[in-house]
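Spelled out from the first residue to the last, the chains are:
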Amino acid sequence: MKESGVRVLKILGRDYPVRASASEERALQEAADLLQERLAESRQRFPSASKDELLVLTALNLCVPLIQQGQQLREAEQRLAACIEQISRQLQL
């Protein structure tokens, strides 16, 4: 197991210390970079929003594709299960 270290991420001008293993650091930095990009987009769309409002709006906008991807994954799993069932029945004939 790799050692965990504390990584400091700056989001909306505030430092957030986050404990992460060496293997997680890259993904964590990419997530922080994506969040910063989306926060900047939200700030342009909602210039009068507070930092808290920007965080909530950005989080919602990031969650929508995750929910859609989850639904697509479940649908693909169902199609795959149906194909496996069909192949299994055909092999039994």
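Analysis parameters
- Residues numbered from 1 in each chain as written.
- Predicted model: local features only at pLDDT ≥ 70, side-chain atom pairs only at ≥ 80, totals over all residues.
- Heavy atoms only, no water.
- Pairing = 2+ DSSP bridges.
- Helix = DSSP H or I, 4+ residues; strand = E, 2+ residues; numbered from the N terminus.
- UniProt positions renumbered as here; feature names shortened; annotations may be inferred.
- Expected span 1.5 Å × (residues − 1).
- Buried < 20%, exposed > 50% of the residue type's maximum accessible area, 1.4 Å probe, protein only.
- Arc of directions from axis to C-beta.

## A few points about the pairing of strand β2 (residues 14–21)
Item 1. Where strand β1 (residues 4–11) meets β2, eight bridges bridge the pair, whose relative direction is antiparallel. Residue pairing across strands places V6 opposite R19, the latter belonging to β2.
Item 2. In this antiparallel pair of consecutive strands, β1 and β2, the connection spans two residues, and L12 shows a positive phi of 50 degrees.

## Observations regarding the UniProt feature "coiled-coil region" (unreviewed entry) in the chain
Item 1. In the numbering used here, UniProt assigns the feature "coiled-coil region" (unreviewed entry) to residues 25–93.
Item 2. Measuring from the first to the last C-alpha atom of residues 25–93 gives 52 Å, for a span that is 91% helix and 0% strand.

## Points about helix α1 (residues 25–45)
Item 1. For α1, which comprises 21 residues, the first-to-last C-alpha distance of 30 Å matches the rise-based estimate of 30 Å (1.5 Å per residue) to within 8%.
Item 2. Residues A32, L39 and S42 constitute the buried set of α1. Buried residues of α1, seen end-on, are gathered within an arc of 85 degrees and therefore sit on one face of the element. The exposed set on the far side of α1, more than 90 degrees from its buried face, consists of R26, Q44 and R45.

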